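Single-letter residue listing:
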Amino acid sequence: MYIKRAIEDSINKISKTFPVLLVTGPRQVGKTTLLKQLANDSRGYVTLDDPDARALAKTDAALFMQRYTPPILIDEIQYAPEILPYIKMHVDRTSNMGDFWLTGSQAFQMMKNVSESLAGRIGIVNLLGLSSSEIHKQHSEPFTTDPKRLITRLKQTHKIGLDEIYNSIFTGSFPALYRENNPPELTEFYRSYINTYLQRDIKDLTQVADETTFYNFMLLVAARTAKPIQYEELAREAGISAATAKKWLSILISSGIVALVQPYHNNLLKRTIKMPLLHFLDTGLCAYLLKWGNPETLERGAMSGSFFESWVFSEIYKSYLNAGKEPPIFYYRDKEKREIDLLLYESGTLYPIEIKKAASPGKDAIKNFNVLKPITEPEHFGKLEQYKTEIGSGAVICMANDLLPIDNKNWFVPVWLI
């Protein structure tokens, strides 16, 4: 059974705006299934996973284009970049919108070449795993701290308890795991996923020589989810150079395994730390790598809060991607170790967000929001007035049973509302 994806409207809009649509994202998140559903037999299909089709595309791209004419869906475009100039020539000649739909499992250097070769002719969307809204068949929109919109969302969303939340965290977001008929066994699915990722995507596309060392590096990264990243420390524990650690982490980012949240910087805030914050984008994969056996032990374990925070981040992150928007997400940390878990920055306004697993976090949960006060009063800083920034409504995302005000500007937001 097909699960309706929140990104469908964005894809249809882009297909009507550009001659070429590229859907990229991690392996097994449903890119091909989604595009086939939207195509509804109205376009041809070829996958470059097929060795014969791949060989034709690589050795005689012109003949390949004669055989597979638009409108066409070409799967796994990264395996045959030789056809890109021919796609460019076709769209320049015809200017037909939506002629080519492309997918790519990895956004490595070659995927960069796709966008460069087809600059101005291609619209790109990034698809991740299922969001909670998609799984529960609920309306999806970019997350907001605006209480009016949250109150409206209350009418469209049903409550989810702690056990169900951690079952989602433990299971992850890959569509195959939510099939109604014969879903794969969880451990076997992730074991196969990792093996395929290491043996095909990593070895074939990036020439990482030592798969075992890279796998151990992934374990160390998984253990750091929801934490600032320190490359030297990570490199030392992995037994590699800091340069290699940066390169390998960029591979995990490019392939949609992790995301780095950049620290918010403003010249009015003098003591901010500039390390990025790391989040695993699929908490099920993270739990598998770290050998958590079931949702109950994960919920009671030492990393329970970190997993909760990464799951909330990924849900907010996906809510923007699914709307065709770049996630405007930052975080704050200073040398006094004061932190704000997330900051949404839109139209010159910052919206602070804390993430707490507790059902009743208390007013202390927003105490660090005060560190942002200097950016609202630049009149004291002379020439720095240009850095003035408004502070919008804030949120503490937690296990509360209802949407409740903390004060006149900040709210407790139940995690199931995101």
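Note that the structure is predicted; figures quoted are calculated from it, not measured. (Residues numbered from 1 in each chain as written. Predicted model: local features only at pLDDT ≥ 70, side-chain atom pairs only at ≥ 80, totals over all residues. Heavy atoms only, no water.)

> Where do I start with the overall build of the chain in this structure?
The helix and strand inventory of the chain stands at 16 helices and 15 strands. For the chain, whose C-alpha radius of gyration is 22 Å, the value lies close to the compact-globule estimate of 22 Å for 418 residues. Principal-axis analysis of the C-alpha atoms places the extent of the chain at approximately 65 × 45 × 45 Å. Counting only residues that meet the buried cut, the chain has 54% of its 418 residues in that class. Summarising the internal contacts of the chain: among those between residues at least 6 apart in sequence, 69% fall at separations of at least 24. When the accessible surface of the chain is summed, it comes to about 18900 Å², and 48% of that surface belongs to carbon and sulfur atoms. (Helix = DSSP H or I, 4+ residues; strand = E, 2+ residues; numbered from the N terminus. Rg over C-alpha atoms; globule rule 2.2 N^0.38 Å. Buried < 20%, exposed > 50% of the residue type's maximum accessible area, 1.4 Å probe, protein only. Contact = heavy atoms within 4.5 Å. Areas by Shrake-Rupley, 256 points an atom, 1.4 Å probe, with all protein chains shown as cover.)

> Looking at this model, I keep getting lost on helix α1 (residues 8-15). Mind explaining?
Every α-helix winds through 3.6 residues per turn, so residues three or four apart in the chain are directed the same way. Taken together, the buried positions of α1 are occupied by E8, S10, I11, I14 and S15. In an axial view of α1, the angular spread of the buried residues amounts to 160 degrees, which keeps them on one side of the axis. Residues of α1 that are exposed and point more than 90 degrees away from the buried face comprise D9 and K13. For α1, the elements touching its buried residues are β1 (20-24), α2 (31-39), β4 (100-104) and β5 (122-126). (Arc of directions from axis to C-beta.)

> Hey, could you run me through the layout of surface pockets in this one?
The method is simple in principle: a probe with the dimensions of a water molecule rolls over the atoms, and the space it marks as empty is what remains. By volume, the second largest pocket is sized at about 580 Å³. Ranked by residue count, the leading element in the lining of the second largest pocket is α2, at four residues. Of the residues contributing to the lining of the second largest pocket, the split by class is eleven nonpolar, seven polar and seven charged. (1 Å grid on protein atoms, 1.4 Å probe; cavity = no way out; pocket = protein on both sides within 12 Å on 5 of 7 lines; lining within 4 Å. Points joined across faces, edges and corners; volume = space filled by probe spheres on them. Nonpolar A, V, L, I, M, F, W, Y, C, P; charged D, E, K, R; others polar.)

> I would appreciate a short explanation of the packing of helix α11 (residues 211-222) against helix α13 (residues 242-254) in the present structure.
Each pair of packed helices can be described by the angle between their axes along with the distance between the axes. Viewed as axis vectors pointing N to C, α11 and α13 meet at an angle of 75 degrees, and their least axial separation amounts to 11 Å. Relative to α13, the element α11 lies roughly perpendicular. In this structure, α11 uses T213, F214, F217, M218 and V221 to contact α13, whose residues at the interface are A245, W248, L249, I251 and L252. (Axes fitted to C-alpha atoms, helices over the stretch in contact; angles between N-to-C directions. Parallel < 35°, antiparallel > 145°, perpendicular 65-115°, else oblique.)

> What's the story with the pattern of salt bridges in this structure? I'm lost.
A pair can form between side chains of opposite charge whenever their charged atoms are brought close. Under the definition given, this model contains 16 salt bridges. One salt bridge in this structure joins E188 and R191, with 2.4 Å as the shortest N-O distance. Of this pair, E188 and R191 are both found in helix α10 (residues 186-206), three residues apart, which corresponds to roughly one turn of the helix. The class of R191 is partly exposed, set by a relative accessible area of 34%. For the salt bridge of E336 with R338, the shortest nitrogen-to-oxygen distance reads 3.5 Å. Residues participating in the shared-partner salt-bridge network are K88, D92 and R121. (Salt bridge = Lys/Arg side-chain N within 4 Å of Asp/Glu carboxyl O.)

> Honestly, unusual backbone geometry in this entry has me stumped. Any pointers?
Most peptide bonds are trans, and most residues other than glycine sit at a negative phi. Following P70, the chain continues to P71 via a peptide bond in cis, the omega torsion being 0 degrees. Within the secondary structure, P71 sits in the loop between α4 (61-67) and β3 (72-75). With a phi angle near 65 degrees, D41 is a residue other than glycine that sits in the positive phi range. Among the secondary structure elements, D41 is positioned in the loop between α2 and β2 (44-47). Residue classification places D41 among the exposed residues on the basis of a relative accessible area of 78%. Residue K337 is not a glycine yet carries a positive backbone phi of 65 degrees. Following the sequence through the fold, K337 ends up in the loop between β9 (329-333) and β10 (339-346). K337 sits in the exposed class, given a relative accessible area of 63%.

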